[in-house]
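Summary of structural features
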Amino acid sequence: MLREANEHDLNEILQLYLFLHETSVPEESEQLRETWKDILGDENHHLIVCEVDGKIVASCVCVIIPNLTRGVRPYAFIENVVTHRDYRRKGYAAACLNYAKQIAEGENCYKMMLLTGAKEEGTLHFYRSAGYNDSDKTAFIQWIR
């Protein structure tokens, strides 16, 4: 089942992020609670989850960004694409990305962007097969500490 996250999903999502790049779950704090509240309350922030037998096994984030170019059409940014190790290669992340695309199309976005730090050819092939290309643009990242 695909859906957007709700207030009860925080702990499961944080556990799922351990299969992304996190090494631990953040401690319960006011900052964590406020961030979760902000995410859920932001109409442009879509945290998509895929449930199997009542367990969240894959997820991605789709943020719609208002824009003054391209006919004043927004664009979508995809982040935190992750699948639980035991549920990979079953189409769950692809389903999340397709759900994100439906949101972007519904918002009249002119493009979707996705960055990955992955270098494994299998991961890059997955994103290409989901409709993303790695030839149109060059990404630059500046990490802020």
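Notes on the structure follow. Note that the structure is a prediction, hence the values are computed from the model and not measured.

Description of the nonpolar core
- In terms of nonpolar packing, the biggest core is built from 21 residues, with Ile-48, Cys-60, Cys-62, Ile-78, Val-81, Leu-97 and Leu-114 touching the most fellow members.
- Broken down by secondary-structure element, the contributors of at least two residues to this core are β2 (45-52), β3 (55-65), β4 (75-83) and α3 (92-106).
- With six residues, the single largest contributor to this core is α3.
- Those residues within four positions of Ile-78 in sequence are excluded, and the remaining contacts are Cys-60, Val-61, Cys-62, Leu-97, Ala-100, Met-112, Met-113, Leu-114, Leu-115 and Tyr-132.
- Formed by 14 residues, the second largest nonpolar core is a distinct cluster that contains Leu-10, Trp-36, Val-49 and Val-61.

Overview of the pattern of salt bridges
- If you walk through the whole model with that rule in mind, you get six salt bridges.
- Taking the shortest distance from any N to any O, the salt bridge between Arg-3 and Glu-51 comes out at 2.9 Å. With Arg-3 in strand β1 (residues 2-4) and Glu-51 in strand β2, this residue pair connects regions lying 48 residues apart in the sequence.
- Glu-51 sits in the buried class, given a relative accessible area of 17%.
- Glu-28 is the partner of Arg-33 in a salt bridge, and the nearest nitrogen-oxygen pair spans 2.6 Å.
- Residue classification places Arg-33 among the partly exposed positions, given a relative accessible area of 39%.
- Overlapping salt bridges bring together Arg-3, Asp-9 and Glu-51 as one network.

Notes on the state of the cysteines
- In the structure shown here, the tally under the stated rule is zero disulfides.
- Sulfur of Cys-50: no disulfide; nearest cysteine sulfur belongs to Cys-96 and is 5.2 Å away.
- Classification of Cys-50 as buried rests on a relative accessible area of 4%.
- This cysteine, Cys-62, is not joined by any disulfide, and Cys-109 carries the nearest cysteine sulfur, 6.7 Å off.
- Residue classification places Cys-62 among the buried residues on the basis of a relative accessible area of 0%.

Details of the sheet that holds β1
- With mixed pairing, five strands are arranged side by side in an open sheet as β1-β2-β3-β4-β5. Every other strand in the sheet has two partners, leaving β1 and β5 (112-114) as the edge strands with one partner each. Neighbour-to-neighbour, the strand axes of this sheet turn through a mean angle of 30°, independent of strand direction.
- In terms of strand pairing, β4 meets β5 through three bridges, oriented parallel. Each residue of the ladder has a partner; that of Ala-76, found in β5, is Met-112.

Analysis parameters
- Residues numbered from 1 in each chain as written.
- Predicted model: local features only at pLDDT ≥ 70, side-chain atom pairs only at ≥ 80, totals over all residues.
- Heavy atoms only, no water.
- Core = buried A, V, L, I, M, F, W, Y, C linked by side-chain atoms within 4.5 Å.
- Buried < 20%, exposed > 50% of the residue type's maximum accessible area, 1.4 Å probe, protein only.
- Helix = DSSP H or I, 4+ residues; strand = E, 2+ residues; numbered from the N terminus.
- Contact = heavy atoms within 4.5 Å.
- Salt bridge = Lys/Arg side-chain N within 4 Å of Asp/Glu carboxyl O.
- Disulfide = S-S within 2.5 Å.
- Pairing = 2+ DSSP bridges.
- Axes fitted to C-alpha atoms, helices over the stretch in contact; angles between N-to-C directions.

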